[in-house]
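Descriptive analysis of the structure
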Amino acid sequence: MVIDLNSCVGCNACVVACQSENNIPIVGKQQVSMGREMHWLRIDRYYGGDLDDPVMYRQPMACVHCEKAPCELVCPVAATVHDHEGLNVMVYNRCVGTKYCSNNCPYKVRRFNFLWYSDDVTPSYKLLRNPDVTVRSRGVMEKCTYCLQRIKDVQHQAAVEQRELEANEVVTACQQACPTNAIIFGDINNPESDVVQLKELPLNYAVLGELNVFPRTTYLAQVINPNPALRNDVGIEYSFEEHHGGHGGEESGGEGDNHSE
Amino acid sequence: MALSSEPLNRAGNIERKEPYIGPGETLDSINNKITDIVFTAPRDTPRGWFLGFGIAFLLLMVFLYAVTDLLIRGVGVWGINIPVAWAWDIINFVWWIGIGHAGTLISAILLLFAQDWRNSINRFAEAMTLFAVACAGLFPILHLGRPWFFYWLIPYPNTFGMWPQFRSALTWDVFAISTYALISLLFWLIGLVPDFAKMRDTTKNSMLKFIFGIASLGWRGSAKHWNRYEIAYILLAGLSTPLVVSVHSIISLDFAISVVPGWNPTIFPPYFVAGAVFAGFAMVLLLVIPIRHFYGLQNYITMKHIDNMCKIMLATGLVVVYGYIVELYIALYSGVEVELALIQNRVFGIHATSFWALIFFNGLAIQPLWFKSVRRNLPAIFIISISISIGMWLERFVIIVNSLSTDYLPSSWAPFYPTIYDVALYVGTLGLFFTLLFLFIRTLPMINIFEMQMLQHKTATGSSVVDSGVGEQAMEKLGDRH
């Protein structure tokens, strides 16, 4: 997956799409205030510039499916593993809930069912859910699967039609919902897919790449116009329409806010 | 063997130095004093015991409530969140298991070094180890999201065709803790066998005679029995000695194998082991000081014992403080951004109070132990021991919670606040610990009778004909067989 920070406008459509696609429970105000929101995909915000007149940098963040995933190493029951396609998958049935995977995740994208969040008893709620996605019980860790059910669906379709998977055929929920096409998903083994070409751009970078976990989701850094007259990332009032361009995302540091998405 | 000549000299020296047993004790007086505590009729049990046991039992009920609620509702009753997914559960786990280490050190390592001063405190310290491990062992199970599947961490043949994931330190923990619990239990029970026989021979109550008769496994005190006993005991000591080092090293690896800044300094294993011994001796002192007072055991647990324990506490405490300094120094020296941010947050961040409290309770509060007058002042030692127990708890708080709350991506940083259920479970395990401890001091000889008698003989006659310490005779016997 590649996320283009130049295109992202921070509209949160991907977050909502992910939530409805993947049966992500809504935990309520009190649990969110305790830091237990269940979003598999979140939009990180970092602020720069003046305190009185800050600029916000956005970065959609979900499980980056590390090649050398720190979460897999520490799970005592092998509940999070790589599958044969290189996805980092959660085996809900195997998870006993040590939560070590979350502690060891540098991106903190894992979400834990601290309580019985998914009401799977109320009959009317059953129609709410995506039948292709497991509803997770209490005490189980969960995270972005790269919409595994969609990948499998497309693969089955291709198998039925007795053909190879086309480049860019798989579309994840977040990608589908993104109004600016900032999220691009595909097979990095297929040279024709868009992700391979995007990952070759000089703007491509890995968040926390220095940890050598080899994340499969990479980002295209925001490009800023260095001309002070044209610089649009500092000193201007932030507004949804105006704010494009910006700043190289990686070190777009500044004050972090606390998980209030 | 080198061991056989040295302790002789040391035994000789002991006479001139302060002895490890009070004056006027005879073989019989030792036997009577220790067995009397157990043989007191139930109605004559001291009121203080009932009071202590009652409080502990109430806390045990708090424990039952906390566990029941936890199992019904889930670990969300605690204050844990993402990013701080481990907090009081793992802090308490490490705290309890650390406390146990003094028992093993006293029983195994001091035995191998033929230290006479272990004799009067080893039984008690071993019991403390067992109960502390029992409390500690609960937490890794209870902290699971689905605790009823805890046995998936154990390798057993199953229809899933699944083994535990052996690269995870949590799997190593299973082996480390279960081995530790088993060896500690065996060591304690084997040490009790000759005393069970003594109890059997001393009591006039036929019921107790029957019970202790079974427990003593047919011990008649023949030379052959003693020979086998000593061999078994020294072998178990040999097995336990590496455990003192390995168990807490492995527990430190629970953190050290991770990528979390603040969890992965390479100094962790020795630093954790020292911390464990430090906390363990503090707990031994915390328990021994009131008990020797209430049961009048000043002749057995002398000021010299307490002095020695304080010295070990000071030494291990300094190692721990060195650990704190190295953690800070290496982070600064590395110049790695996340490490620097971690130090910044540890020292000045939202949970900084815990760090400064830690420096006070573990670093500054132990410094008076340099002075002999403090090491002989019971109230002072008691307060310092409490301070260390708090400090060692805070140390794990600083390591676990502070590091997790501010790791790599600032977007996910979040503080941790405990809930009433965090507190209830912790207080509850204190209840479990003290309930077991009160039952132990009431029903079993809390001081090793025969080892005290050997010590009395040695001190009185200045010879070591009878035993010269359990250790080296057995070592010689082992040597003869080759």
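Cut-offs applied
- Residues numbered from 1 in each chain as written.
- Chains lettered and ligands numbered in written order.
- Predicted model: local features only at pLDDT ≥ 70, side-chain atom pairs only at ≥ 80, totals over all residues.
- Heavy atoms only, no water.
- Helix = DSSP H or I, 4+ residues; strand = E, 2+ residues; numbered from the N terminus.
- Rg over C-alpha atoms; globule rule 2.2 N^0.38 Å.
- Buried < 20%, exposed > 50% of the residue type's maximum accessible area, 1.4 Å probe, protein only.
- Contact = heavy atoms within 4.5 Å.
- Areas by Shrake-Rupley, 256 points an atom, 1.4 Å probe, with all protein chains shown as cover.
- Buried area = accessible area lost by both parts, 1.4 Å probe.
- Salt bridge = Lys/Arg side-chain N within 4 Å of Asp/Glu carboxyl O.
- Polar contact = N/O pair within 3.5 Å; in protein donor to acceptor, adjacent residues only side chain to side chain.
- Nonpolar A, V, L, I, M, F, W, Y, C, P; charged D, E, K, R; others polar.
- Axes fitted to C-alpha atoms, helices over the stretch in contact; angles between N-to-C directions.
- Parallel < 35°, antiparallel > 145°, perpendicular 65-115°, else oblique.
- Left-handed = near helix turned anticlockwise from the far one by under 90°.
- Phe/Tyr/Trp six-rings, centres within 6.5 Å; stacked < 30°, edge-to-face > 60°.
- Pairing = 2+ DSSP bridges.
- Expected span 1.5 Å × (residues − 1).
- Core = buried A, V, L, I, M, F, W, Y, C linked by side-chain atoms within 4.5 Å.
- pLDDT = per-residue confidence, 0-100.
- Patch = residues over 30% accessible without salt bridge, like charges linked within 9 Å, V, L, I, M, F, W, Y side chains within 5 Å.

The helix and strand tally for chain B stands at 17 helices and 0 strands. At 23 Å, chain B has a C-alpha radius of gyration in line with the 23 Å of a compact globule built from 482 residues. Projecting the C-alpha coordinates of chain B onto the three principal axes gives extents of approximately 70 × 50 × 50 Å. Of all 482 residues assigned to chain B, the portion counted as buried reaches 59%. In chain B, of all internal contacts separated by at least 6 residues, the share reaching a separation of at least 24 is 82%. Accessible surface computed for chain B: about 19200 Å², of which carbon and sulfur atoms make up 71%.

On to the interface of chain B and chain A. The interface is formed by 52 residues belonging to chain B together with 47 residues belonging to chain A. Summed over the three residues of chain B that lose the most area to chain A, namely Ile82(B), Arg146(B) and Leu409(B), the buried surface amounts to 18% of that side. The shortest N-O distance in the salt bridge between Lys108(A) and Asp407(B) comes to 2.7 Å. At the surface where chain B touches chain A, the tally comes to 31 residue pairs in polar contact (both at pLDDT 80 or more). Those elements giving two or more residues to the side of chain B that touches chain A turn out to be helix H3 (47-73), helix H6 (169-202) and helix H8 (223-256) of chain B. Per-element tally for the side of chain B that touches chain A: the top contributor is H3(B), with 4 residues. Here the side of chain B that touches chain A is built from residues that sort into 34 nonpolar, 13 polar and 5 charged.

All names here are of chain B. Contact geometry of H6 with H8 gives a least axis separation of 9 Å together with a crossing angle of 155°. Between H6 and H8, the angle is such that the two are roughly antiparallel. H6 and H8 meet at a crossing whose hand is left-handed.

Glancing now at the pattern of salt bridges. Going through the model one piece at a time under the given rule, you end up with 16 salt bridges over all chains. Residues Glu166(A) and Arg163(A) are paired through a salt bridge, measuring 3.9 Å at the closest nitrogen-oxygen approach. Accessibility expressed as a relative area gives 28% for Arg163(A), which makes it partly exposed. The residue Arg200(B) makes a salt bridge to Asp201(B) at a minimum N-O spacing of 3.0 Å. With relative accessibility at 55%, the residue Asp201(B) sits in the exposed group.

Another point: the packing of aromatic side chains. Residues and elements named next belong to chain B. A full pass over the atoms with the stated rule returns 47 aromatic pairs over all chains. Seen in terms of ring centroids, Phe124 and Phe440 are 6.4 Å apart; in terms of plane orientation they differ by 45°. Their pairing is tilted. Of the two residues, Phe124 is situated in helix H5 (residues 122-142) and Phe440 in helix H15 (residues 420-443); the sequence distance between them amounts to 316 residues. Grouping residues by exposure puts Phe124 and Phe440 together as buried. Where Tyr229 meets Tyr233, the ring centres are 5.2 Å apart and the plane angle is 15°; that geometry is what we call stacked. Pair noted here: Tyr229 and Tyr233 are both in helix H8, with a separation of 4 residues, about one helical turn. Accessibility assignment for this pair places Tyr229 and Tyr233 in one class, buried.

With that out of the way, let us pick up the sheet that holds strand E1 (residues 2-4) of chain A. Residue and element names in this part refer to chain A. Taken together, the 4 strands give an open sheet; going across it, the order is E8-E1-E10-E9, and neighbouring strands pair in mixed fashion. A single partner strand is all that each edge strand has here, and the edge strands are strand E8 (183-184) and strand E9 (204-205). The pairing of E1 with E8 spans 2 bridges and is classified as antiparallel. Pairing of Ile3 across the sheet is with Ile183, part of E8.

Attention now goes to H15(B). Under the 1.5 Å per step criterion, the end-to-end length of H15(B) is 34 Å for 24 residues, consistent within 8% with the ideal 34 Å. With 17 of 24 residues buried, H15(B) is to be regarded as a mostly interior element.

Formed by 213 residues in total, the largest nonpolar core has its most connected members in Tyr107(A), Trp96(B), Phe281(B) and Met446(B). Excluding its chain neighbours within four sequence positions, the residues that come into contact with Phe281(B) are Ala102(B), Leu105(B), Ile106(B), Trp117(B), Met309(B), Ile312(B) and Met313(B).

It is worth spelling out the pairing of strand E3 (residues 54-61) of chain A at this point. Residues and elements named next belong to chain A. The buried count for E3 comes to 7 of 8 residues, which makes it a mostly enclosed element. Sheet topology note: the strand E2 (residues 42-49)/E3 ladder contains 8 bridges and is antiparallel. Note on E3: the bridge partner recorded for Asp44 is Gln59. Connecting E2 to the antiparallel partner E3 that follows it, the hairpin turn spans 4 residues.

Okay, the confidence of the model for chain A next. All names here are of chain A. Chain-level statistics for chain A give a pLDDT mean of 85 and a share of 87% at 70 or above. Element-level pLDDT for chain A is lowest in strand E11 (residues 255-256), with a mean of 40, against a maximum mean of 95 in strand E10 (residues 218-220). Note that pLDDT drops below 50 for residues 235-261; the model gives that stretch 73 contacts with residues more than four away or on any other chain.

With that out of the way, let us pick up a nonpolar patch on the surface. Judged by side-chain polarity, Met207(B), Phe210(B), Ile211(B) and Ile214(B) come together as a nonpolar surface patch covering roughly 440 Å² of accessible area. Summarising the element assignment, Ile214(B) is placed in helix H7 (residues 206-215).

Relative to the helices and strands, Asp83(A) is located in the loop between strand E4 (80-82) and strand E5 (88-90). Of the polar contacts made by the side chain of Asp83(A), one reaches the backbone nitrogen of Glu85(A); its length is 3.0 Å.

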